[in-house]
Amino acid sequence: GENVEQHPSTLSVQEGDSAVIKCTYSDSASNYFPWYKQELGKRPQLIIDIRSNVGEKKDQRIAVTLNKTAKHFSLHITETQPEDSAVYFCAATSNAGKSTFGDGTTLTVKP
Amino acid sequence: EAGVAQSPRYKIIEKRQSVAFWCNPISGHATLYWYQQILGQGPKLLIQFQNNGVVDDSQLPKDRFSAERLKGVDSTLKIQPAKLEDSAVYLCASSLIVAIASPLHFGNGTRLTVT
């Protein structure tokens, strides 16, 4: 089955700096890669996603890149703000809709 | 649109007891998922339904866990008997598009504590 590894497990940055979270996956059949943000005690919520036919996607301060050959994808957050502090999960999804999640990255943005 | 509804929000039981969780997906969402999220880990898929049929239950511990989705809408996940290691948040999610993978919409989850 699919295996997703996510790094780092914790990340601390100063407000205004950039943050990068990286994930690798094992199953070349995975073709959809969403990122979810989970604040303490709340539900995971989609923040950005990318499909396998696209190499990069950007939405304001958030961007995702995908390297299909190397089977890795990354989340980039620029100009970080304290409200970006949360746990971020990557996932690799098959066409059948099965999502395998990484173990999460706890991002702390210090004011 | 109304989100994914789950109940109860919290549940505390003793080991060997049984427990049931309920989920109502977003209206029109054909696919429903149950995930188990242990503290400090990512969600792990237990079972995936499409309408009222099971698509994937390969990671469901079938000796103690069962799930059903009658009439292709609401779903119930049951654990009987519960073990200490079942302590986790149980997340229900639904998605709209069937033909291609699409974002998951999660409920607020049920936090289960087994003592």
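The preceding data block contains the structure.
The rules behind each value
Residues numbered from 1 in each chain as written. Chains lettered and ligands numbered in written order. Predicted model: local features only at pLDDT ≥ 70, side-chain atom pairs only at ≥ 80, totals over all residues. Heavy atoms only, no water. Patch = residues over 30% accessible without salt bridge, like charges linked within 9 Å, V, L, I, M, F, W, Y side chains within 5 Å. Areas by Shrake-Rupley, 256 points an atom, 1.4 Å probe, with all protein chains shown as cover. Salt bridge = Lys/Arg side-chain N within 4 Å of Asp/Glu carboxyl O. Helix = DSSP H or I, 4+ residues; strand = E, 2+ residues; numbered from the N terminus. Pairing = 2+ DSSP bridges. Axes fitted to C-alpha atoms, helices over the stretch in contact; angles between N-to-C directions. Buried < 20%, exposed > 50% of the residue type's maximum accessible area, 1.4 Å probe, protein only. Polar contact = N/O pair within 3.5 Å; in protein donor to acceptor, adjacent residues only side chain to side chain. Contact = heavy atoms within 4.5 Å. Disulfide = S-S within 2.5 Å. 1 Å grid on protein atoms, 1.4 Å probe; cavity = no way out; pocket = protein on both sides within 12 Å on 5 of 7 lines; lining within 4 Å. Points joined across faces, edges and corners; volume = space filled by probe spheres on them. Nonpolar A, V, L, I, M, F, W, Y, C, P; charged D, E, K, R; others polar.

(A) Inspection of a nonpolar patch on the surface at higher detail. A surface patch of nonpolar side chains, about 260 Å² in accessible area, is lined by Leu-96, Ile-97 and Ile-100 of chain B. Residue placement: Ile-97 of chain B occurs in the loop between β9 (88-95) and β10 (105-106).

(B) Structural view of the sheet that holds strand β7 (residues 65-68) of chain B. All names here are of chain B. Spatial ordering of the open sheet is given by β1-β3-β8-β7, a layout of 4 strands whose pairing is antiparallel. At either margin of the open sheet sits one strand with a lone partner, and together these are β1 (5-7) and β7. Within this sheet the neighbouring strands show an average axis-to-axis angle of 15°, counted without direction. Relative to strand β8 (residues 75-79), strand β3 (residues 19-24) runs antiparallel, the two sharing 5 bridges. Bridge pairing in β8 links Val-19 to Ile-79.

(C) Spotlight on the side chain of Asp-49 of chain A. Position of Asp-49 of chain A relative to the elements: it lies in strand β5 (residues 45-51). Given a relative accessible area of 13%, Asp-49 of chain A falls into the buried group. For Asp-49 of chain A, the side chain forms a polar contact with the side chain of Tyr-32 of chain A, separated by 2.6 Å. At 2.8 Å, the side chain of Asp-49 of chain A and the side chain of Lys-57 of chain A are in polar contact. Setting aside its immediate chain neighbours within four residues, Asp-49 of chain A contacts Tyr-32, Phe-33, Pro-34, Lys-57 and Val-64 of chain A together with Pro-103 of chain B.

(D) A look at the state of the cysteines. Going through the model one piece at a time under the given rule, you end up with 2 disulfides over all chains. Across the disulfide from Cys-23 of chain A sits Cys-90 of chain A; the S-S distance is 1.9 Å. In this structure, the disulfide formed by Cys-23 of chain A and Cys-90 of chain A twists by about -100° around the S-S bond and is classed as left-handed. Placement of Cys-23 of chain A in strand β3 (residues 19-25) and of Cys-90 of chain A in strand β9 (residues 86-93) is noted, with a sequence separation of 67 residues between them. Exposure class is identical for Cys-23 of chain A and Cys-90 of chain A. Each is buried. Shown here is the disulfide that connects Cys-23 of chain B with Cys-92 of chain B, its sulfur atoms set 1.9 Å apart. Judged by the sign of its S-S torsion, about -70°, the cystine formed by Cys-23 of chain B and Cys-92 of chain B is left-handed. Pair noted here: Cys-23 of chain B is in strand β3 and Cys-92 of chain B is in strand β9, with a separation of 69 residues, a long-range link. You'll find Cys-23 of chain B and Cys-92 of chain B in the same group, each marked buried.

(E) Summary view of the environment of Gln-17 of chain B. The topology assignment puts Gln-17 of chain B in the loop between β2 (10-13) and β3. A sequence separation of 62 residues divides Gln-17 of chain B from Ile-79 of chain B, and the C-alpha atoms of the two residues are 8.4 Å apart.

(F) Here's a closer look at the environment of Gly-53 of chain B. In this fold, Gly-53 of chain B is placed in strand β6 (residues 53-56). Taking the C-alpha atoms as reference points, Gly-53 of chain B and Thr-31 of chain B, 22 residues apart in sequence, are found 9.5 Å from one another.

(G) Layout of the sheet that holds strand β8 (residues 72-77) of chain A. Residue and element names in this part refer to chain A. Ordered by their spatial adjacency, 5 strands build an open sheet running β1-β3-β8-β7-β6, and the pairing between neighbours is antiparallel. Since the sheet does not close on itself, it has two edges, and those belong to β1 (4-7) and β6 (56-59), each with one partner. Between one strand axis and the next, the sheet turns by 15° as a mean value, whatever way the strands run. Here β3 runs beside β8; their pairing, made up of 6 bridges, is antiparallel. The partner of Ala-19 across the bridge, within β8, is Ile-77.

(H) The arrangement of the layout of surface pockets in detail. A volume near 560 Å³ is recorded for the largest pocket. As for the largest pocket, its lining consists of 28 residues, of which Gln-38 of chain A together with Gln-37, Leu-39, Gly-40 and Arg-111 of chain B are closest to the centre. Secondary-structure elements contributing two or more residues to the lining of the largest pocket are β9 and β11 (105-110) of chain A together with β9 and β11 (110-114) of chain B. Here the lining of the largest pocket is built from residues that sort into 10 nonpolar, 12 polar and 6 charged. There is about 310 Å³ of room inside the second largest pocket. Mapped by element, the contributors of at least two residues to the lining of the second largest pocket are β10 (99-101) of chain A together with β5 (44-50) of chain B. Ranked by residue count, the leading element in the lining of the second largest pocket is β10 of chain A, at 3 residues.

Everything listed is a geometric property; what it means functionally is a separate question.
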